[in-house]
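# What the coordinates show
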Amino acid sequence: MKAPVKNQNDEVINLVGFRFREIRKENGWTLSEVSKRTGISKGTLSKLENGKTQLNFSSVNKLASGLQLPVSDLTNPHSIVSGKRAVTRALSGTVFESIDMDYEVLCSDIDNAQQGFIRAVVKATAVDSNLPWHRHKGQEFVHVLRGVLELHSEQQPPLTLNVGDSVFFDASVGHRYISKGQINAEILITMSLNGYENVVDSLP
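Residues numbered from 1 in each chain as written. Predicted model: local features only at pLDDT ≥ 70, side-chain atom pairs only at ≥ 80, totals over all residues. Heavy atoms only, no water.

## Brief notes about the nonpolar core
Nonpolar side chains tend toward joint burial in soluble globular proteins. In terms of nonpolar packing, the biggest core is built from 37 residues, with Phe20, Leu63, Leu149, Tyr177, Ile187 and Ile189 touching the most fellow members. Looking at this core element by element, the count peaks at four residues for helix H4 (residues 57–66). Not counting the four nearest positions on each side in its chain, Leu149 is found in contact with Val122, Val142, Val144, Leu159, Thr160, Leu161, Tyr177, Ile178, Ala185 and Ile187. (Core = buried A, V, L, I, M, F, W, Y, C linked by side-chain atoms within 4.5 Å. Buried < 20%, exposed > 50% of the residue type's maximum accessible area, 1.4 Å probe, protein only. Helix = DSSP H or I, 4+ residues; strand = E, 2+ residues; numbered from the N terminus. Contact = heavy atoms within 4.5 Å.)

## Overview of the confidence of the model for the protein
For the protein, the mean per-residue pLDDT works out to 80, and 80% of the residues sit at or above 70. This model gives residues 1–13 a pLDDT under 50, and the stretch forms 30 contacts once residues within four places in sequence are excluded. (pLDDT = per-residue confidence, 0-100.)

## Quick notes on the sheet that holds strand E4 (residues 101–106)
Strand pairing within a sheet occurs via backbone hydrogen bonds; the two strands may be parallel or antiparallel. Reading across from one edge, E3-E4-E5-E11-E6-E9 is the order of the six strands in this open sheet, with antiparallel pairing throughout. At either margin of the open sheet sits one strand with a lone partner, and together these are strand E3 (94–97) and strand E9 (166–170). Strand-to-strand twist across the sheet, computed as the mean angle between neighbouring axes with direction ignored, equals 25 degrees. With four bridges connecting them, E3 and E4 associate as antiparallel partners. (Pairing = 2+ DSSP bridges. Axes fitted to C-alpha atoms, helices over the stretch in contact; angles between N-to-C directions.)

## Let's talk about the side chain of Glu140
Topologically, Glu140 is positioned in strand E6 (residues 139–146). Nearest to the buried, unbridged Glu140 among oppositely charged side chains is Arg135, at 12 Å. Side chain to side chain, Glu140 and His136 meet in a polar contact 2.6 Å long. (Lys, Arg positive; Asp, Glu negative; His and termini not counted. Salt bridge = Lys/Arg side-chain N within 4 Å of Asp/Glu carboxyl O. Polar contact = N/O pair within 3.5 Å; in protein donor to acceptor, adjacent residues only side chain to side chain.)

## A closer look at the pairing of strand E5 (residues 115–122)
Inspection of the sheet shows E4 paired to E5 by six bridges, in the antiparallel sense. In the sheet register, Leu106 faces E5, and the bridge partner there is Phe117. The pairing of E5 with strand E11 (residues 186–192) spans seven bridges and is classified as antiparallel. Across the sheet, Ile118 pairs through a bridge with Ile189, a residue of E11.

## Notes on the sheet that holds strand E7 (residues 149–153)
With respect to topology, three strands assemble into an open sheet ordered E8-E7-E10, the strand pairing being antiparallel. Of all the strands in the sheet, the pair left with one neighbour each is strand E8 (159–161) and strand E10 (175–179). Strand-to-strand twist across the sheet, computed as the mean angle between neighbouring axes with direction ignored, equals 25 degrees. Alignment of E7 against E8, held across three bridges, turns out to be antiparallel. When the bridges of E8 are listed, Leu151 appears paired with Leu159.

## Some points on the packing of aromatic side chains
Here the structure, examined in full by the defined rule, presents zero aromatic pairs. Lying across the ring of Trp29, Arg37 places its NZ or CZ 4.8 Å from the centre. Positioned above the aromatic ring of Trp133 is the side chain of Arg176, whose terminal nitrogen or guanidinium carbon lies 4.0 Å from the ring centre. (Phe/Tyr/Trp six-rings, centres within 6.5 Å; stacked < 30°, edge-to-face > 60°. Lys NZ or Arg CZ within 6 Å of the ring centre and 35° of its normal.)

## Comments concerning the side chain of Glu150
Inspection of the secondary structure puts Glu150 in strand E7. Of the side chains with opposite charge, Lys180 lies nearest to the buried Glu150, which makes no salt bridge, at 4.2 Å. The residues contacting Glu150, other than those within four sequence positions of it, are Pro158, Leu159, Thr160, Arg176, Tyr177, Ile178 and Lys180.

Listed below in structure tokens is the structure:
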């Protein structure tokens, strides 16, 4: 996955790495200390800080959890401030790319936010038996913005959702998203970020 963001000169920078370096230095943490707290290797953390690698969505949550920070501290391009309102302008959220979906993190600039809001484009057009099911703690709400989505579940038959349709389910049950129309389905997802770790996101 990638987590790029463009600055005013349209240069792509490693947002998560930039924010991690700022936070680490502010707190006086060494890379070894962060590695022990998060389970992420010192080498990977060093590459992250220097823009030589990107973390996937699950690893960003793992890093934030190990440092006891809200994930928004790492995905927000601005300083985190307490507040009652968060705004993400069109196509300006932090983007992560995975094997079967692309995610844009929305409205992540409220301190200690525990709820995740994501706009996702579903790239998978058929079930890949070589990939594990998506699964993570908590519940998940999905609303279809564009195209036709087919939701597959370990426990229930496939569910077809069209534009305007929504579904709410237990995300600890294995699930997959498939685009069934002529264009990739675009969906809005809300879910808990507490302890989020998605197996598919963790694949190389």
